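Report on the structure
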Amino acid sequence: ENKLFLLQAELHYLDGDLEPAEVSYNASINSAHEHRFIHEEALAHELHGIFLLENKSVERGLKQLNMSISKYTKWGAGIKVKNLISFMKSFEGVTQIMLG
């Protein structure tokens, strides 16, 4: 179920339908959380965060990426966490937001 929602979110995004995309990202996150698929929840947070960043919602996007990092850390995906942190540092002022 969570993968279906995530695919729907990405398709909506590709079609330029931003509001349905956001609804589907959230549905994917909630479904993965409900079913305790921590790695799927991490991926949904990550893709939602990128979606938000690409649509000029930097603070919300970074918050989603931080949630993703938390989930990936719990899952034991250290290299993925390192890569996401590097990605986040490419945004101006990200250090203050991450630490604040």
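Given the structure is predicted, the values throughout are model-derived calculations rather than measurements. (Residues numbered from 1 in each chain as written. Predicted model: local features only at pLDDT ≥ 70, side-chain atom pairs only at ≥ 80, totals over all residues. Heavy atoms only, no water.)

Take the packing of aromatic side chains next. Any aromatic ring pair is given by two values, namely how distant the centres are and how the planes are angled relative to each other. If you walk through the whole model with that rule in mind, you get two aromatic pairs. Seen in terms of ring centroids, tyrosine 13 and phenylalanine 51 are 4.8 Å apart; in terms of plane orientation they differ by 85°. Their pairing is edge-to-face. With tyrosine 13 in helix H1 (residues 2-14) and phenylalanine 51 in helix H3 (residues 38-54), this pair connects stretches of sequence that are 38 residues apart. Note on tyrosine 13: relative accessible area 22%, which makes it partly exposed. Seen in terms of ring centroids, tyrosine 25 and phenylalanine 51 are 5.1 Å apart; in terms of plane orientation they differ by 40°. Their pairing is tilted. Of the two residues, tyrosine 25 sits in helix H2 (residues 18-34) while phenylalanine 51 sits in helix H3, which places them 26 residues apart along the sequence. (Phe/Tyr/Trp six-rings, centres within 6.5 Å; stacked < 30°, edge-to-face > 60°. Helix = DSSP H or I, 4+ residues; strand = E, 2+ residues; numbered from the N terminus. Buried < 20%, exposed > 50% of the residue type's maximum accessible area, 1.4 Å probe, protein only.)

By size, the foremost hydrophobic cluster in this structure holds 10 residues: Ala42, Leu53, Leu62, Leu65, Ile69, Tyr72, Ala77, Val81, Leu84 and Met88. Only H3, helix H4 (58-75) and helix H5 (78-89) provide two or more residues apiece to this core. No other element matches H4, which puts four residues into this core. If sequence neighbours within four positions are ignored, alanine 42 has contacts with Ser68, Lys71 and Tyr72. (Core = buried A, V, L, I, M, F, W, Y, C linked by side-chain atoms within 4.5 Å. Contact = heavy atoms within 4.5 Å.)

Within the structure shown, the criterion is met by four salt bridges. One salt bridge connects lysine 3 with glutamate 40, and the closest N-O pair in it is separated by 3.5 Å. Taken as a pair, lysine 3 in helix H1 and glutamate 40 in helix H3 lie far apart in primary sequence, 37 residues in all. The class for glutamate 40 is buried, based on a relative accessible area of 12%. Here lysine 71 ties to glutamate 41 by a salt bridge, and the two come within 3.5 Å at their closest N and O atoms. (Salt bridge = Lys/Arg side-chain N within 4 Å of Asp/Glu carboxyl O.)

Our focus in this paragraph is the side chain of histidine 48. Residue placement: histidine 48 occurs in helix H3. A polar side-chain atom of histidine 48 sits 3.2 Å from a polar atom in the side chain of glutamate 22. Separated by 3.4 Å, the side chains of histidine 48 and glutamine 64 make a polar contact. In contact with histidine 48, other than residues within four places in its own chain, are Glu22, Tyr25, Asn26, Ile29 and Gln64. (Polar contact = N/O pair within 3.5 Å; in protein donor to acceptor, adjacent residues only side chain to side chain.)

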